[in-house]
Every structure is written in structure tokens, then in C-alpha cells.
Amino acid sequence: AQSVTQLGSHVSVSEGALVLLRCNYSSSVPPYLFWYVQYPNQGLQLLLKYTSAATLVKGINGFEAEFKKSETSFHLTKPSAHMSDAAEYFCAVSKIQGAQKLVFGQGTRLTINP
Amino acid sequence: SQTIHQWPATLVQPVGSPLSLECTVEGTSNPNLYWYRQAAGRGLQLLFYSVGIGQISSEVPQNLSASRPQDRQFILSSKKLLLSDSGFYLCAWETGGYTEAFFGQGTRLTVV
């Protein structure tokens, strides 16, 4: 069975500071890994995805994530936070066969302080 | 281009009343369809998924059911709502493999 753990339900950083959102996964088979962002009362939007190509994945809005198999991690980073980055972020994992059946983490709410 | 429509955006229903939420996808064929529920502080829980017309898989036992009467239509229903059914319901679709999942704008359901 697959699962995802996001460490920290709330993260607060200052504008211009580094953003680091942590995600660890467990999967019995090579996984697909995703980061989604959700703005208030909206659906989810894909930030980036890992599909067994490059381990460092670049996404939209300056975000990137690195797949580390030895640590079973897929942490999301952004060098310099912007006020518009305030949102909820979800890490997700799916199997590489059949329907995706995304399994999501609990989410991390990112707050940006001016 | 592909789009996903989900309605209504908000809904307030009394306990014991029925529920029908509808999701339709345009611009693609034979998508995999999903219903997720997001409760406050609890992330997204997969409720149902469907890989074809009439094919429904339930991930968790609950008071809800799902149907797929047409290729691009996915309906979430309940005969009698419970207070615990309150939450934000999201429909999603994807075509499998490396592709991303696309989400609707969600329905906020409040059962009173």
C-alpha cells in the first residue's frame, strides 16, 4: 500500500525566504510523485511531478522538488517566497499502472509573512 | 482543450435529505474519474474512482455512492445525508500513466 506523510501542517516563512515543505512516501513499487497547490475554495493545480526521469524536478512558479529514493522523500522547495505562494500544498503518490488513484498527504498550509 | 465542470459550488442540506453532485469532463474520452472529499485539516480522501462506464470502485465504506452513466459524467449521491458528510468534494480526471490529474473547482457541502 502507498502512503504519504507531510511533516508540518502549517509552515510560515518571511517573504523572500526559502520555502521547504517536506514529504515522505512509502510505496511497494516505483512511484509517481506529485505536488499540488490549492488556493482557498478552489480545486487543486499541479505544481510538478516525478515520473522516474530526472530526480530534480522543476515546476511552475519557481518551485522544484528532489526525489531521494534512499530517504523516500520528495521535498518541495522555492528559493525565495512570494506573497502569492500562500496556499495549501499537497504531496501525492500513485502507482505506475492502471488508474492513478492518487493518495494524498494531509497537506501543508503555507503562510508568507511580509 | 479539456475542461472539467463540477456543480453546484456550494450546497447546504438538512440531515436526512438526498444528495446529488455532478461532474462532467469535456475534450477527452474514456478518462479515469475520481471523487475526493476534503475535510478540514484532514487532507484529501479518495472516495470513488471509475475507469469506465458503469465501473465504480469504492475506497472507503460510507454513506455515499457514485455512478457513471456516461463516459464523461460522474455523479456522487446519497439517499440520506449525515452531519459527517459535510466537507469539500472534488472531482478529478486523468488518462493514466504519466499524466497529471485535473481537478474541478469543488463543491462545499454543509449538512445542517
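Here's what I pulled together on the structure shown here. None of the values given here were measured: they were computed from a predicted structure.

A word on the sheet that holds strand β3 (residues 19-26) of chain B
Pairing between sheet strands relies on hydrogen bonds along the backbone, with the strands arranged either parallel or antiparallel.
Residues and elements named next belong to chain B.
Item 1. Judged by pairing direction, the sheet is antiparallel, and its four strands sit side by side in the order β1-β3-β8-β7 without closing on themselves. Every interior strand has two partners, whereas the edge strands, β1 (3-7) and β7 (65-70), have only one. Averaged over all adjacent pairs, the angle separating strand axes in this sheet is 20 degrees, with direction ignored.
Item 2. Relative to strand β8 (residues 73-78), β3 runs antiparallel, the two sharing six bridges. Paired with leucine 21 across the two strands is leucine 76, which belongs to β8.

Quick notes on the side chain of glutamine 38 of chain A
Item 1. As for its position among the elements, glutamine 38 of chain A is in strand β4 (residues 31-38).
Item 2. At 2.8 Å, the side chain of glutamine 38 of chain A and the side chain of glutamine 38 of chain B are in polar contact.
Item 3. Excluding residues within four positions of it along the chain, glutamine 38 of chain A makes contact with Gly43, Leu44, Ala87, Glu88 and Phe90 of chain A together with Gln38, Phe88 and Leu90 of chain B.

Concerning the pairing of strand β11 (residues 107-111) of chain B
All names here are of chain B.
Item 1. Burial of β11 is one-sided: the residues Thr107, Leu109 and Val111 facing one way are buried, the residues Arg108 and Thr110 facing the other way are not.
Item 2. In terms of strand pairing, strand β2 (residues 10-13) meets β11 through four bridges, oriented parallel. In the sheet register, threonine 10 faces β11, and the bridge partner there is arginine 108.
Item 3. Bridge count for strand β9 (residues 87-94) against β11 is three bridges, and the pairing is antiparallel. Bridge pairing links tyrosine 89 to threonine 107 in β11.

Here is what the cut-offs are and how they apply
Residues numbered from 1 in each chain as written. Chains lettered and ligands numbered in written order. Predicted model: local features only at pLDDT ≥ 70, side-chain atom pairs only at ≥ 80, totals over all residues. Heavy atoms only, no water. Pairing = 2+ DSSP bridges. Helix = DSSP H or I, 4+ residues; strand = E, 2+ residues; numbered from the N terminus. Axes fitted to C-alpha atoms, helices over the stretch in contact; angles between N-to-C directions. Polar contact = N/O pair within 3.5 Å; in protein donor to acceptor, adjacent residues only side chain to side chain. Contact = heavy atoms within 4.5 Å. Buried < 20%, exposed > 50% of the residue type's maximum accessible area, 1.4 Å probe, protein only.

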